[in-house]
Amino acid sequence: MQMMKKMPNSTTDGLPLVAIDMGSCGFRLMVAKQDADSKGECSPLRLLAVEQSNRYDCVSKGSIENSSNASYMLREMLLLASNSLKMDELPTAVTLYGGRSMRCQDVHAMRYQGVKNPISRALLDNMQNECLSKMSQAKASQPIVAVDAVPAVFQLDDELVTGEPEEGSLATKVHGTYSTFWCLKEAYDKMVGTFDRAGKSIEHAFARPHALVEALATEEDEFRGLGIIDMGADTTTFTAYKQGRYLMNRTVPLGGNNITRDIAMLGISKENAEKLKLRFGNAQERPNDKSQVRVPAENGDEKFTLIPISFLSHVISSRLDEIMFPIFELIHNLEDEISVIYLTGGASKMAGMVPYVEQHTHDMHVSHGSHADWLADGTDPLYYQPEYSALVGALLLNAKYRRQHPNKKLPETLIKRFFRKGIEKGIGLFDMEN
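Quick caveat, the model's predicted, so the values are computed rather than measured.

## Things to note about unusual backbone geometry
Here the phi dihedral of lysine 86 falls at roughly 55°; this positive angle occurs in a residue that is not glycine. Along the chain, the position of lysine 86 falls in the loop between helix H1 (67–84) and strand E6 (92–97). A positive phi angle is found at asparagine 407, which is not glycine, with a value near 60°. Among the structural elements, asparagine 407 can be located in the loop between helix H10 (389–404) and helix H11 (414–433). Judged by relative accessible area, asparagine 407 falls into the exposed class, the value being 52%.

## Here we look at helix H2 (residues 121–136)
For H2, with 16 residues, the first-to-last C-alpha span of 23 Å sits near the 22 Å given by 1.5 Å per residue. For H2, the set of buried residues is Arg121, Leu123, Leu124, Asp125, Met127, Gln128, Cys131, Leu132 and Met135. Contacts from the buried residues of H2 go to strand E7 (103–118), strand E8 (144–156), strand E10 (170–184) and H10.

## A few points about the packing of helix H6 (residues 256–264) against helix H8 (residues 309–333)
Two elements in contact, H6 and H8, have axes separated by 9 Å at closest approach and are oriented at 145°. Handedness of the crossing formed by H6 with H8: right-handed. Between H6, through Asn258, Ile259, Asp262 and Ile263, and H8, the contact on the second element is made entirely by Leu312, Val315, Ile316, Arg319, Leu320 and Ile323. Residue composition of the contact of H6 with H8, grouped by class: seven nonpolar, one polar and two charged.

## Focus on the packing of aromatic side chains
Within the structure shown, the criterion is met by six aromatic pairs. Between phenylalanine 154 and tyrosine 178 the ring centres are 5.6 Å apart and the planes differ by 75°, which places this aromatic pair in the edge-to-face class. Here phenylalanine 154 is found in strand E8, whereas its partner tyrosine 178 is found in strand E10, with 24 residues between them in sequence. Taking relative accessible area as the criterion, phenylalanine 154 reaches 0% and is therefore assigned buried. A residue is classified by how much of its surface remains accessible, and tyrosine 178, at 0% relative accessible area, is buried.

## Thoughts on the nonpolar core
Across soluble globular proteins, nonpolar side chains show a tendency to be buried alongside one another. The biggest cluster of nonpolar side chains holds 69 residues, and the ones touching the most others in it are Ile20, Phe27, Leu29, Val31, Leu45 and Leu74. The greatest single-element share of this core, amounting to nine residues, is contributed by H10. Setting aside residues up to four positions removed in sequence, valine 31 forms contacts with Pro16, Leu17, Val18, Arg46, Leu47, Leu48, Ala49, Ala81, Leu85 and Leu90. Among the nonpolar cores identified, the runner-up in size contains 40 residues, and Ala240, Val295, Ile307 and Met324 belong to it.

Rules of the game
Residues numbered from 1 in each chain as written. Predicted model: local features only at pLDDT ≥ 70, side-chain atom pairs only at ≥ 80, totals over all residues. Heavy atoms only, no water. Helix = DSSP H or I, 4+ residues; strand = E, 2+ residues; numbered from the N terminus. Buried < 20%, exposed > 50% of the residue type's maximum accessible area, 1.4 Å probe, protein only. Expected span 1.5 Å × (residues − 1). Contact = heavy atoms within 4.5 Å. Axes fitted to C-alpha atoms, helices over the stretch in contact; angles between N-to-C directions. Left-handed = near helix turned anticlockwise from the far one by under 90°. Nonpolar A, V, L, I, M, F, W, Y, C, P; charged D, E, K, R; others polar. Phe/Tyr/Trp six-rings, centres within 6.5 Å; stacked < 30°, edge-to-face > 60°. Core = buried A, V, L, I, M, F, W, Y, C linked by side-chain atoms within 4.5 Å.

Below, the structure written as structure tokens:
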């Protein structure tokens, strides 16, 4: 019998990279390795395991509605992944958070070092944590929590630096601006509760737009300014990014499933409606198309339903216009800031999406975003699909985080915290009695 490999249980050192995407209506998990050579250059990601689950209808529009069912799905994915890797367990993971309540706002932090001293990792982490704390304590109509603070622009004395300055850079005054993503505390607490119930720890949380920019954007894109339209099953999110700063992040609570449900109203099952959308659907209306498609009927005496392609395209374009109208308005307001738009997410695969978006965004370059350069040769072609871009970005951010924080201790799970506090309390009582 083959023995299961033991996993380190005190630090992240030696653990594979594990990322979980809590998408708009289900979970995806990806496990990978990224090796570095003697010069610190990193190789592409080598995928080790990929799992997904939507067993329970417990995720809606990017937010968890039932932590108990969600924790079961999480445990199931982690168990399947660890079994395929012949490992005891995967104790931790980074997670992505998006959700309809997520917003982005610039937050500032400043440090005076007295004299021109090197900038340390501890100082940068402290500034980032200050921005997270400021955002979480900001006054709002409902309690909020900061999920991710991304270094945007730094002023080092008289020098302006895009992004986070290199450790060791000399400066007396360090002024940092962080693009800080926040969401409703209630929604975020359900995500944390899901991990707690599963007995797993969150190594780090990243905003989903942060991961998408990491996976899709080039240096040229960042300089010119780019927009990312992330089309999920239940939500569609637009993110604008330029020269280190997130200019906009907005979510429309509609997605690909809304189009599928509209097609199903023609008298077919949702499963067949989804197949019809991907095979014959088109983002652009085709009123002159006289062809028809015969689809099994869901109810009634008829065995089949005949659906004209022209009517199918009308149904799709009508709903798509509703979904995309507010996003096109945002893009028009940012015409002077961005010049390229990437489409990503599972719902972006429908035919005609690129010319449809081009038609509504004058003179902008539109294409499907690609994370292909980040994957090792020989990777299953399935994982080049746009629905995996955010996970690939999360793995890259996880690898970068570990390089910046070598030998970092694993975060404690709720169960471990409970037993540790119990033991400490017991020891304290013992000392008092003696």
